[in-house]
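One-letter residues, chain by chain:
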There are 2 protein chains.
Amino acid sequence: MTPRTRRRTEALSRDRIVEAAVELLDAGGEAGLTFRTLTERLETGAGAIYWHVANKDELLAAATDGVVAAALAVGSPGSPPDEIRAVALGLFEAIEQHPWLATQLALQFSRSPSGSVTPRIFEAIGRRVRSLGVPAGHRFTTTSALVSYILGAAGQNAANAQSAAHANRAEFLDAVSDAWEELDAREYPFMREIAAEQRGHDDREQFLAGVDLVLAGITAVHRAG
Amino acid sequence: MTPRTRRRTEALSRDRIVEAAVELLDAGGEAGLTFRTLTERLETGAGAIYWHVANKDELLAAATDGVVAAALAVGSPGSPPDEIRAVALGLFEAIEQHPWLATQLALQFSRSPSGSVTPRIFEAIGRRVRSLGVPAGHRFTTTSALVSYILGAAGQNAANAQSAAHANRAEFLDAVSDAWEELDAREYPFMREIAAEQRGHDDREQFLAGVDLVLAGITAVHRAG
DNA sequence: ACCTGAACACCGTTCAAGT
DNA sequence: ACCTGAACACCGTTCAAGT
């Protein structure tokens, strides 16, 4: 009835639409963003949104790009490995705060490598890979490996982020551990062995340990770092 | 009118439904799998499918699990690093043949780490990580890093796989390279630098180079391998 | 130029009814 | 126990009509 956060007289714009989309995605995940919920929140009609945005895919791409750009904007000067860790952690935290981002990043990367998200992340990592001393012919492959790890790991952590926000994180990890321990002993000996290790692990520590592992590999292969 | 591949008298079963789902996904991507297209192909009603499968999410999970299980079944004994490369390549090729798998794997991992796909992949990689000589307290983290890389890289290659199937692969790479070369010179110096490198790269080679990079990191950190 | 809102084609899911 | 198929609530998108 009575709008609280916005005056209905405020003009519609692409930025306001994307902003509202991010809020809806944060609140309700991908299912929370609908042209119905969006028109309701913006107090407008469906056609008005289509005037500013081509379709839902473009809207999701714009929301993803905005969040990623903000996450990469934090620039803390340091050694190349430290900067790579900072960039990686920035993306990790962005996905922690916006769990829907993990799936969207995967979609952006696989569907349109010439979009805006792929270049942004590649550029942020790639510059530091160059500073690391990786020779010219190997920079694309090396950067790609780092980006692959970061996105893969961040995607795996999206679930944990959601569970941490809603319920008790310890309960979530316990449930996963319990499920792993109940797996068939002959088919899944390794899973049963690491179930305990999983139970108490820290996502962020594990993520950064993986970054360090890849960095150690780069050093070993290229004697750079 | 006249069914060709199946006799309509053949009984419905969960396996037949999942099999048909995979075929539809392969042919038309995620948009190609619909309860309408599925009932049409199976010459049945919607309710019949719901008798065997709880909902669409479960159907997608079953389709993903089936393809992954088949991909991991190829066991070629060798040194631990060789076996890791073989497992990774098996998943890479499965995604190459079933591009929809990349997104589904990301969803399975982030939504239900206690499902069947996560344990399968973790077990296949983790056993070899143990054989590699990684000490007990580090196996979960190390395996997780490898799996993250594999899934992240495979996801990035899903687009290439699709373009390779339909149009000319060289044309696709050229288009991406061209887009990268047209980026702003001040904001994207690195992307412009590696555009040429991207143009002629081989996905499989690059993927395996990344696996070797992570393996080199594991060796460097744990003196194992 | 920008917005309204009814209408369209389609989706996943349910369920009373059949065999 | 297994299947049918109409019906329901919802979705993204379009478009004639307004200002």
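Cut-offs applied
- Residues numbered from 1 in each chain as written.
- Chains lettered and ligands numbered in written order.
- Predicted model: local features only at pLDDT ≥ 70, side-chain atom pairs only at ≥ 80, totals over all residues.
- Heavy atoms only, no water.
- UniProt positions renumbered as here; feature names shortened; annotations may be inferred.
- Helix = DSSP H or I, 4+ residues; strand = E, 2+ residues; numbered from the N terminus.
- 1 Å grid on protein atoms, 1.4 Å probe; cavity = no way out; pocket = protein on both sides within 12 Å on 5 of 7 lines; lining within 4 Å.
- Points joined across faces, edges and corners; volume = space filled by probe spheres on them.
- Nonpolar A, V, L, I, M, F, W, Y, C, P; charged D, E, K, R; others polar.
- Contact = heavy atoms within 4.5 Å.
- Buried area = accessible area lost by both parts, 1.4 Å probe.
- Salt bridge = Lys/Arg side-chain N within 4 Å of Asp/Glu carboxyl O.
- Buried < 20%, exposed > 50% of the residue type's maximum accessible area, 1.4 Å probe, protein only.
- Near = heavy atom within 4 Å.
- Polar contact = N/O pair within 3.5 Å; in protein donor to acceptor, adjacent residues only side chain to side chain.

Draft legend 1. The UniProt feature "domain: HTH tetR-type" (unreviewed entry) in chain A, seen in detail. Following the UniProt record, one finds the feature "domain: HTH tetR-type" (unreviewed entry) at residues 11-71 of chain A. For residues 11-71 of chain A, helix accounts for 82% and strand for 0%, while the C-alpha atoms at its two ends are 27 Å apart.

Draft legend 2. The arrangement of the layout of surface pockets in detail. As a volume, the largest pocket reaches approximately 610 Å³. Considering the residues around the largest pocket, the lining is formed by 24 residues, among which Glu30 and Leu107 of chain A together with Glu30, Thr103 and Leu107 of chain B are closest to the centre. For the lining of the largest pocket, the secondary structure elements donating two or more residues are helix H4 (56-73) and helix H6 (100-111) of chain A together with helix H1 (14-32), helix H4 (56-73) and helix H6 (100-111) of chain B. The residue makeup of the lining of the largest pocket, split by class, is eight nonpolar, eight polar and eight charged.

Draft legend 3. A look at the interface of chain A and chain B. Counting from both sides, the interface comprises 62 residues of chain A and, opposite them, 62 residues of chain B. A combined buried area of about 4900 Å² lies between chain A and chain B, and 65% of that area is made up of carbon and sulfur atoms. For chain A, the biggest contributors to the area lost against chain B are Phe140, Phe190 and Leu213 of chain A; these three give 16% of the whole. Here chain A and chain B share four salt bridges between them.

Draft legend 4. Summary view of the pattern of salt bridges. Residues and elements named next belong to chain A. Per the counting criterion, the structure on display carries 28 salt bridges over all chains. Between Glu83 and Arg128 there is a salt bridge, with the nearest N and O atoms lying 2.7 Å from each other. Highlighted residues: Glu83 in helix H5 (residues 80-97) and Arg128 in helix H7 (residues 117-131), separated in sequence by 45 residues. Accessibility assignment for this pair places Glu83 and Arg128 in one class, buried.

Draft legend 5. How the structure looks around the protein's contact with DNA strand D. The environment of DNA strand D is made up of 17 residues, and the closest members are Arg36, Tyr50 and Lys56 of chain A together with Thr44 and His52 of chain B. Sugar plus phosphate, as a fraction of atoms of DNA strand D within 4 Å of the protein: 51%. For DNA strand D, a phosphate oxygen lies 2.8 Å from a polar atom in the side chain of Tyr50 of chain A. Within the side chain of His52 of chain B, an N or O atom sits 2.5 Å from a phosphate oxygen of DNA strand D. Among the elements of the structure, helix H2 (35-42) and helix H3 (46-52) of chain A together with helix H3 (46-52) of chain B are those that each provide at least two residues to the surface near DNA strand D. Element by element, the count of residues in the surface near DNA strand D is highest for H3 of chain B, at five residues. Broken down by class, the residue content of the surface near DNA strand D amounts to eight nonpolar, seven polar and two charged.

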